[in-house]
Amino acid sequence: TQLLEQSPQFLSIQEGENLTVYCNSSSVFSSLQWYRQEPGEGPVLLVTVVTGGEVKKLKRLTFQFGDARKDSSLHITAAQPGDTGLYLCAGGGDGGSQGNLIFGKGTKLSVKP
Amino acid sequence: GAGVSQTPSNKVTEKGKYVELRCDPISGHTALYWYRQSLGQGPEFLIYFQGTGAADDSGLPNDRFFAVRPEGSVSTLKIQRTERGDSAVYLCASSFGQYNEQFFGPGTRLTVL
């Protein structure tokens, strides 16, 4: 069974702090995606990384794909209350056949003002 | 709005009953996916359609679960003889093709009493 392990599972921080969320697997993925999900809604795609070692930045969010394409991290700088939500990583291709995605359990982030 | 819509938003049923969940994908999207998200978990892949045909149904947990997409647009997920363990949020997503970004609907929360 191909799994994506996310850590930490829960994270509660103060506004302005930095944080990193990790996504690890023993399987190789052709792509790794990060989603953010709010209560009562479906996941919304933040970024897709496809090349080993790739780094992508989205404002205060930095995403990195491991060299071996088995792991990824999401770093948020100066977190804001609006960043609160469930962050999910998902792997596609290789470890996730064709178009279906394998999701991690998610990291529930709470940013307090 | 032109997003993925799902109906009903909530469904409460009794153990042993039959339920149907509907998904209206984004117009023009040929690929459609069903996922199930249990409390505290990430979405779990169920089935993927390319056009009218099920390209991958490896995630369906057993033969009580069945999905159709007769005209290559709207899809219905059907669950027979529901069990309490079927309680979850059922998410639908669509994309232009199997390797393109998946857009998720808000989900149907199914509760089996």
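Let us look at the structure shown here. Everything numeric in this text was worked out from a predicted model, so none of it was measured.

Considering the packing of aromatic side chains
When we look at a pair of aromatic rings, we describe it by the centre distance and by the angle of the planes.
All names here are of chain B.
Part 1 of the argument: Applying the stated criterion to the full structure yields 9 aromatic pairs over all chains.
Part 2 of the argument: Ring geometry for Tyr35 against Phe104: centres 5.5 Å apart, planes inclined by 45°, an arrangement best described as tilted. Taken as a pair, Tyr35 in strand β4 (residues 31–37) and Phe104 in strand β10 (residues 103–104) lie far apart in primary sequence, 69 residues in all.
Part 3 of the argument: Tyr35 sits in the buried class, given a relative accessible area of 0%.

Here's the deal with the side chain of B:Arg36
Part 1 of the argument: Within the fold, B:Arg36 resides in strand β4.
Part 2 of the argument: Leave out the neighbours within four places in its chain, and B:Arg36 touches B:Gly42, B:Pro43, B:Glu44, B:Leu46, B:Pro61, B:Phe65, B:Gly85, B:Asp86, B:Ala88, B:Val89 and B:Tyr90.

Quick notes on the interface of chain B and chain A
Part 1 of the argument: In this assembly, 19 residues from chain B lie in contact with 17 residues from chain A.
Part 2 of the argument: Summed over both sides, the interface of chain B with chain A buries roughly 1400 Å², with 52% coming from carbon and sulfur.
Part 3 of the argument: Between the two partners, chain B and chain A, sit 0 salt bridges.
Part 4 of the argument: Across the chain B-chain A interface, the total number found is 3 residue pairs in polar contact (both at pLDDT 80 or more).
Part 5 of the argument: Among the elements of the structure, β4, β5 (44–50) and β6 (53–56) of chain B are those that each provide at least two residues to the side of chain B that touches chain A.

Considering the environment of B:Gly42
Part 1 of the argument: Looking at the secondary structure, you find B:Gly42 in the loop between β4 and β5.
Part 2 of the argument: Under the relative-accessibility criterion, B:Gly42 is labelled buried at 11%.

Observations regarding the pattern of salt bridges
Part 1 of the argument: This model, assessed by the stated rule, comprises 7 salt bridges over all chains.
Part 2 of the argument: Here A:Glu54 ties to A:Lys56 by a salt bridge, and the two come within 3.8 Å at their closest N and O atoms.
Part 3 of the argument: Residues B:Asp86 and B:Arg64 are paired through a salt bridge, measuring 2.8 Å at the closest nitrogen-oxygen approach. With B:Asp86 in the loop between β8 (75–79) and β9 (88–95) and B:Arg64 in the loop between β6 and β7 (65–68), the pair connects residues that are 22 residues apart, well separated along the chain.
Part 4 of the argument: Here the salt bridges share partners, and the residues they tie into one network are B:Arg64, B:Glu83 and B:Asp86.

So, how was this worked out
Here the residue numbers are simple positions, counted from 1 along each chain's written sequence. Chains carry letters and ligands carry numbers; both start at the beginning, A for chains and 1 for ligands, and go up in the order they are written. Predicted model: local features are reported for residues with pLDDT of at least 70 only, side-chain atom pairs are reported and counted for 80 or more only, and whole-chain, interface and lining totals are derived from all residues. Only heavy atoms go into the side-chain values, all of them from the structure, while hydrogens and water stay out. For this analysis, a ring pair means two rings from Phe, Tyr or Trp (six-membered ring only for Trp) whose centres lie within 6.5 Å, classed as stacked if their planes differ by under 30 degrees, edge-to-face if by over 60, and tilted for the remaining angles. Counting from the N terminus, the helices are the DSSP runs of H or I reaching at least four residues and the strands are the DSSP runs of E reaching at least two. A 1.4 Å probe rolled over the protein chains alone gives each residue an accessible area, and that area as a share of the maximum for its type sets the label: buried under 20%, exposed over 50%, partly exposed in between. We call two residues in contact when some of their heavy atoms are within 4.5 Å. Buried area, as used here, totals the accessible surface that two parts lose on assembly, with accessibility defined by a 1.4 Å probe and the loss added over both. Only one rule defines a salt bridge in this text: a Lys or Arg side-chain nitrogen within 4 Å of an Asp or Glu carboxyl oxygen. Pairs of N or O atoms are called polar contacts if they sit within 3.5 Å, as long as, within protein, a hydrogen donor faces a hydrogen acceptor (for residues adjacent in sequence, only side-chain-to-side-chain pairs).

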